[in-house]
Amino acid sequence: MTTLVRRLLKTVLFIVLFCLFSWLDASHLYTSPLISNDTAINIAHWLSSDPAPEDIYAVYDYVVIGVNLIAAIVGYILVVKVVKKVRQ
């Protein structure tokens, strides 16, 4: 039973970190995008042969989600390592 609770707590921790990073970066990433317009258009062309403007905007969203996901993974790993270190 304790294994199930630990896994659940780790999952909740990851979701909380992802939401926190998304909330912190939301205003900054929408005012200064991470990729250029040309890069977004090229990626949209790679995903669809005839991309609509909505597809190009979706590429920006995917990049923001990806960056927040990577930040949450790194933050999760750091938190887990610190907790293990403190427990020892």
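Criteria and thresholds
Residues numbered from 1 in each chain as written. Predicted model: local features only at pLDDT ≥ 70, side-chain atom pairs only at ≥ 80, totals over all residues. Heavy atoms only, no water. Helix = DSSP H or I, 4+ residues; strand = E, 2+ residues; numbered from the N terminus. Rg over C-alpha atoms; globule rule 2.2 N^0.38 Å. Buried < 20%, exposed > 50% of the residue type's maximum accessible area, 1.4 Å probe, protein only. Expected span 1.5 Å × (residues − 1). pLDDT = per-residue confidence, 0-100.

### What to know about the overall build of the protein chain
- For the protein chain, the count of helices and strands is three helices and zero strands.
- The helix and strand sequence of the protein chain, counted from the amino end, reads α-α-α.
- Rg of the C-alpha trace for the protein chain: 18 Å, well past the compact-globule value of 12 Å for 88 residues, more than 25% over.
- A principal-axis box enclosing the C-alpha atoms of the protein chain has dimensions of 55 × 25 × 15 Å.
- The 88 residues of the protein chain split such that 17% are buried.

### With respect to helix H3 (residues 53–87)
- Taking 1.5 Å as the rise per residue, H3 with 35 residues should run 51 Å; its terminal C-alpha atoms sit 51 Å apart, in good agreement.
- Buried residues of H3: Ile-56, Val-59, Tyr-60, Val-64, Asn-68, Ala-72, Gly-75, Tyr-76 and Val-80, and no others.

### Digging into the confidence of the model for the protein chain
- The pLDDT averaged across the protein chain works out to 87; a share of 92% of its residues lies at or above 70.
- Of all secondary-structure elements in the protein chain, the lowest mean pLDDT belongs to helix H1 (residues 2–31), at 85, while H3 reaches the highest, 90.

### Details of the environment of Val-79
- Along the chain, Val-79 falls in helix H3.
- Val-79 sits in the partly exposed class, given a relative accessible area of 31%.
- Each C-alpha atom, one on Val-79 and one on Phe-14, is 9.8 Å from the other, the two residues being 65 residues apart in sequence.

### Regarding the environment of Tyr-57
- Within the secondary structure layout, Tyr-57 lies in helix H3.
- Between the C-alpha atom of Tyr-57 and that of Ala-44, which follows or precedes it by 13 residues, the distance is 9.0 Å.

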